[in-house]
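# Structural description and commentary
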Amino acid sequence: MKPNSGTLVINIMNGGKAEAYEGVYQCTARNERGAAISNNIVIRPSRSPLWTKEKLEPNQVREGDSLVLHCRPPVGLPPPIIFWMDNAFQRLPQSERVSQGLNGDLYFSNVQPEDTREDYICYARFNHTQTIQQKQPISVKVFPMDSLNDTIAANLSDTDIYGAKPVTERQPVLLTPTGSTSTKVELRGNVLLLECIAAGLPTPVIRWIKEGGELPANRTFFENFKKTLKIIDVSEADSGNYKCIARNTLGSAHHVISVTVKAAPYWITAPRNLVLSPGEDGTLICRANGNPKPNISWLANGVPIAIAPEDPSRKVDGDTIIFSHVQERSSSVYQCNASNEYGYLLANAFVNVLAEPPRILTPPNKLYQVITDNPALLDCAYFGSPKPEIEWFKGVKGSILRGNEYIFHDNGTLEIPVAQKDSTGTYTCVARNELGKIQNEVQLEVKDPTMIIKQPEYKVIQRYSHVSFECIIKHDSTLLPTVIWLKDNNELPDDERFLVGKDNLTIMNVTDKDDGTYTCIVNTTLDSVSASAVLTVVAAPPTPAIIYARPNPPFDLELTGQLERSVELSWVPGDENNSPITTFVIEYEDGLHEPGVWHLQTEVPGTQTTVQLKLSPYVNYSFRVIAVNEIGRSQPSEPSEQYLTKSANPDENPSNVQGIGSVPDNLVITWESLKGFQSNGPGLQYKVSWRQKDFDDEWTSVIVANVSKYIVSGTPTFVPYEIKVQALNDLGYAPEPSEVIGHSGEDLPMVAPGNVQVHVINSTLAKVHWDPVPLKTVRGHLQGYKVYYWKVQSLPRRSRRHIEKKILTFRGNKTFGMLPGLEPYSSYKLNVRVVNGKGEGPASPDKVFKTPEGVPSSPSFLKITNPTLDSLTLEWGSPTHPNGVLTSYILKFQPINNTHELGPLIEIRIPANESSLILKNLNYSTRYKFYFNAQTSVGSGSQITEEAVTIMDEGKMAGILHPAVGAGKVQPLYPRIRNVTTAAAETYANISWEYEGPDHANFYVEYGVAGSKEDWKKEIVNGSRSFFVLKGLTPGTAYKVRVGAEGLSGFRSSEDMFETGPAMASRQVDIATQGWFIGLMCAVALLILILLIVCFIRRNKGGKYPVKEKEDAHADPEIQPMKEDDGTFGEYSDAEDHKPLKKGSRTPSDRTVKKEDSDDSLVDYGEGVNGQFNEDGSFIGQYSGKKEKEPAEGNESSEAPSPVNAMNSFV
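Source: prediction; values computed, not measured. (Residues numbered from 1 in each chain as written. Predicted model: local features only at pLDDT ≥ 70, side-chain atom pairs only at ≥ 80, totals over all residues. Heavy atoms only, no water.)

### Describing the overall build of the chain
- Within the chain, the regular secondary structure consists of 7 helices and 85 strands.
- Taking the intrachain contacts of the chain between residues at least 6 apart in sequence as the baseline, contacts between residues at least 24 apart amount to 64%.
- Accessible area for the chain stands at about 67000 Å²; split by element, carbon and sulfur atoms hold 51% of it. (Helix = DSSP H or I, 4+ residues; strand = E, 2+ residues; numbered from the N terminus. Contact = heavy atoms within 4.5 Å. Areas by Shrake-Rupley, 256 points an atom, 1.4 Å probe, with all protein chains shown as cover.)

Written out as structure tokens, the structure reads:
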């Protein structure tokens, strides 16, 4: 048992069994006055027994029949909670058809095929022991009616079949409770649970009624799909017959449960403590009820009263003890026990025979305050035995209070129902009995009521105007009121437009959302009053348009109350111009230090026209005011009169004081100088002081002029200094400045990091470690460490490229770092250097490390050529980055059918020294997709893919394939732009490319200055030609260029680089005005005419016109003719010659391209080029000068050189 307590502690945590403490306990408390006892306390250990092992047979049931799965949990203490789950610990779903009964069994009103399963598991959870017990799984097999009906139908005649009802439908039958009637006993105050579960098909619906009465409202609940009736807090009135009715379309069944409500004893009158004085009489009453009627028994000091010591003043009469002429020895504790078969009640009552003079418990001179016309309650709590008599007096010599204007309560309280001002005063309470008398005084103050003498009034206000509600109050002078404003019984919106004054509420710039009821509430410590008014916001009546403008400037500025550090400024506002002034901005000019420059002094609300301004010493002030409204700022007002403040010592010292050395043997002290008005007087100077930290005791000081830097020479390298800078003027010094720590100049670090170690993590990543250098050798602020590393050579072959060192910086005092982005299968060197603010220290000895092999990059290209009926030829290039020793190539391929479905994947391993392969035994006229990658000993690299087709027929294929492709090359399934070439002049360049892919692609050319981060410029290529001229380029500039195809998911070629030629001096003579030039031009024109005639004759004889190979493959529809018979592209030849065109042929063709049919001609760019263009659009010859003229686009042609070209070549 705990010391100084009646608490008994039973601890079995350190050993012992709970069963050893099972039993009934009772506590007795005893002193010289008697003994009290507690109720019986029953202790029972909790139990969670295991399930009894049993053999469970599978349940085989016909579809539509009922089924009950029994749980039968082990008996535990307290009883377990039952629930059903499956093997996956998921609760089994329940419904009107399937539900769990109060006893834990699982009931099926009718089974369905989906009920078939082998894991119906009943769980019992014992909450007190926090354990869960599991029953063995129960198996249920439901035979569907379809299969049974087929069997039955085979043995019945047609008459039997059509006359019989479906065997699965039947009327309800109660599964629980059984029979037609049952009984139920429940105790008063408990929860009554009645259950009815029925079988049947369709699933029955349950309904409950009470015979001869109604189910109790507000206490009746239905659970488990109305199968359980629940009535809480039952009483004797809930006894009766309850009927459950189960009904479906075929009929009904019912069951009557007769409920009897019994009651454990409950108190009607419990015995209460009794205080008597010697010679008085009294009674103890103990009345209880129950069903059955409880038996009343008495105990005295825990002993049955029949065997307790006799007391002549005590008489027991059933449920009452009568005391007569008690004496002090009659004090005892009596116990009343009311019990029946369902429980018992026990109550202790102390009969205290006491002789005590009166005592008043209310504090003396307690102050009571009330409002006039309200009741006043004056307390006089007392104690005494015999019970004292209470009397009240007013004033020192007042008479006893009597009459209807007072009410005297049994507890001694005096009530004045309607207190008036003359009720104020001192009241005396007197308590007396035969043993003595005592009195106590209290004070009463009656206050005047709080009143609102001017209430807010109803307002109708136009939108965007102002409104004000008044709330003027009168209150008792000794009370402090508080005023609160509400809008629609809520706090005012958090809006600066709402201004709460002492006696009013003002709303500026009213809007529609300000509609509502506004309430003024006045509170004191004793009362509260309120008044309300409604605000209605309406639109302004139609008026001429109001002109809103910036306000006019304020005027009549006046300075008053001039003091050394302050002055009062007042002004008169200018016209608001229909927009209220929201703010006044006050600016000042320092005519002594910064004449003509105006600074912001302060801002004040638009309702204010005076302001107290704080001033600084030694400033010649002038002020001006600017008014601000929603439209804008007014013009500044005229300046006020000037006011020169007196000089004074500086109030502050320079800020941002620093000490940083610029060389190893100096200390540069810098600070931000004071502004002119901060000097507070003439002769501003600075006292600069310094001393070496932890070394010098005395400060070294120097006074300097109004500057912001001082250099201390001859200092040790990088040592800390304490520094302070103090301002002074002719009147004296500023306050003592704070000290800052600076350092003299840094020098380069002296030593290199040691013990450099490299740990190679993988083929592209390594970790480097080093020991930190001693801080004394850093000779400056440690910035970090730099790791220099570079590639020495590739392991298979030495690299002849320039060695490029890479640098990684690791901030702070780190001793390790990661080196990413290394090349596999390579040898590297690195060193480490420490870095301070001055620079880098010496390098550590070079450390050599090697990276292991990695996976290779993809092969550089994959070409598929020479298609036949059953074979394809593959050519490839080795990976650009082998990252090791290549061991083999892996080729995978699979056919693709007409619906783009992929066939089986075939894999071939190819030796690393091979660069081509002929695939044989392929299917004719079949698409194949190829996946190709290289391997090292580490693994496979990224793959390159390509698609190609085998031909359908050798003869037919020659007619179908494009002339430029021929029978020896596979038409790619995906577009590809390659072999981008450039030829550049001073201000233009010819771009040409090869394209493989769908016909009629729309090309574009993107270009930009090499190395620039600007966006690419884009030019659209008209038609589907494979060359383009870029104009307007800058001479002597490197450019980057790439080619793309519109509509091909952003497909582009790789980038190419070119550089325009240097600018050449322009010719000073205009040759177009020279006679020899005019004659030459006429001769050239005649020559051209002759050539055209010859070409016309040759064309009629069947000559061929040479064009470049790729133009044949991708020419515009306008240029490339269609065959009349099958719509395929024809060759550029006549009917007598069907041979493929030879590149470089100069024989004219009958398919020449007209000059006006295409854009971006290269003909007009002849000057500066000694020759012409090839048929693929590339230049022939060298650049010789700048062209005289930039012709318009649209003159592109594939015919013979133009006269202009011929002229420029001649020149």
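### What to know about the pattern of salt bridges
- All chains considered together, the criterion is met by 31 salt bridges.
- Between Asp747 and Arg779 there is a salt bridge, and its shortest N-O distance comes to 3.6 Å. Separated by 32 residues along the polypeptide, Asp747 in the loop between β64 (740-743) and β65 (754-762) and Arg779 in the loop between α3 (775-778) and β67 (782-794) bring together distant segments of the chain.
- Overall, the relative accessible area of 25% leaves Arg779 in the partly exposed class. (Salt bridge = Lys/Arg side-chain N within 4 Å of Asp/Glu carboxyl O. Buried < 20%, exposed > 50% of the residue type's maximum accessible area, 1.4 Å probe, protein only.)

### A short note on the sheet that holds strand β23 (residues 282-285)
- The strand order across the open sheet formed by 3 strands is β23-β28-β27, and the pairing between neighbours is antiparallel. Two strands bound the open sheet, and with one partner strand each, they are β23 and β27 (314-317). Going from strand to strand, the sheet's axes swing by 20 degrees on average, the running direction of each strand aside.
- Relative to strand β28 (residues 320-323), β23 runs antiparallel, the two sharing 4 bridges. (Pairing = 2+ DSSP bridges. Axes fitted to C-alpha atoms, helices over the stretch in contact; angles between N-to-C directions.)

### Description of the packing of aromatic side chains
- The full count for this structure, using the stated rule, is 21 aromatic pairs.
- Centroid distance Tyr621 to Phe623: 5.5 Å. Interplanar angle 5 degrees. Geometry classified as stacked. Taken individually, Tyr621 and Phe623 each receive the classification buried, so the pair is uniform in this respect.
- Three or more aromatic residues joined by ring pairs form one cluster here, namely Phe83, Phe89 and Tyr123.
- The ring centre of Phe816 lies 4.8 Å from the NZ or CZ of Lys814, which sits over that ring.
- Of note, Lys1040 hangs over the ring of Trp1016, and the distance from its end group to the ring centre comes to 4.6 Å. (Phe/Tyr/Trp six-rings, centres within 6.5 Å; stacked < 30°, edge-to-face > 60°. Lys NZ or Arg CZ within 6 Å of the ring centre and 35° of its normal.)

### Details of the environment of Arg833
- Along the chain, the position of Arg833 falls in strand β70 (residues 826-836).
- Separated by 48 residues in the primary sequence, Arg833 and Tyr785 have C-alpha atoms spaced 5.7 Å apart.

### Observations regarding helix α5 (residues 1075-1100)
- For α5, spanning 26 residues, the distance from its first C-alpha to its last is 39 Å, which sits close to the expected 38 Å at 1.5 Å a residue.
- Among the residues of α5, those classed as buried are Phe1077, Leu1080, Val1084 and Ile1088. (Expected span 1.5 Å × (residues − 1).)

### A word on the state of the cysteines
- For the structure shown, the criterion picks out 5 disulfides.
- Here Cys196 pairs with Cys244 through a disulfide, and the sulfurs are 1.8 Å apart. The sign of the S-S torsion, about -70 degrees, decides the handedness of the disulfide formed by Cys196 and Cys244: left-handed. On the criterion of sequence distance, the pair formed by Cys196 in the loop between β15 (192-195) and β16 (197-201) and Cys244 in strand β20 (residues 240-248) is long-range, its members being 48 residues apart. Taken individually, Cys196 and Cys244 each receive the classification buried, so the pair is uniform in this respect. (Disulfide = S-S within 2.5 Å.)

### Points about unusual backbone geometry
- Following Thr176, the chain continues into Pro177 via a peptide bond in cis, with omega recorded as -5 degrees.
- The topology assignment puts Pro177 in the loop between β13 (170-176) and β14 (181-187).
- Across the junction of Asn291 and Pro292, the peptide omega takes the value 5 degrees, indicating a cis bond.
- Tracing the backbone shows Pro292 in the loop between β24 (287-291) and β25 (295-300).
- Of note in this structure, Arg72 is not a glycine but carries a positive phi near 50 degrees.
- Here Arg72 shows up in the loop between β6 (67-69) and β7 (81-85).
- Although it is not a glycine, Asp233 adopts a positive phi angle of roughly 50 degrees.
- As for its position among the elements, Asp233 is in the loop between β19 (228-231) and β20.

### Section: the confidence of the model for the chain
- Here the chain averages 83 in pLDDT, while 84% of its residues score no lower than 70.
- β19 holds the highest mean pLDDT among the elements of the chain, 96, whereas helix α7 (residues 1203-1210) holds the lowest, 33.
- Across residues 954-973 the pLDDT falls below 50, and counting only partners more than four positions away or on other chains, this stretch makes 37 contacts in the model.
- Across residues 1065-1069, confidence stays below pLDDT 50; counting only partners more than four residues off in sequence or on other chains, it has 5 contacts. (pLDDT = per-residue confidence, 0-100.)

### Things to note about a nonpolar patch on the surface
- A cluster of nonpolar side chains, namely Leu1086, Leu1089, Ile1090, Ile1093, Val1094, Phe1096 and Ile1097, defines an oily patch on the protein surface of about 660 Å² accessible area.
- You can see Val1094 is positioned in helix α5.
- The exposure class assigned to Val1094 is partly exposed, which follows from its relative accessible area of 42%. (Patch = residues over 30% accessible without salt bridge, like charges linked within 9 Å, V, L, I, M, F, W, Y side chains within 5 Å.)

### Observations concerning the sheet that holds β15
- One open sheet accounts for 3 strands, arranged β15-β19-β18; its pairing is antiparallel. Each edge of the sheet is formed by a strand with only one pairing partner; in this case those strands are β15 and β18 (220-223). Sheet twist, expressed as the average angle between the axes of neighbouring strands with direction ignored, equals 20 degrees.
- The sheet contact formed by β18 and β19 spans 4 bridges and is antiparallel. Counted as the bridge partner of Phe221 is Lys230 from β19.

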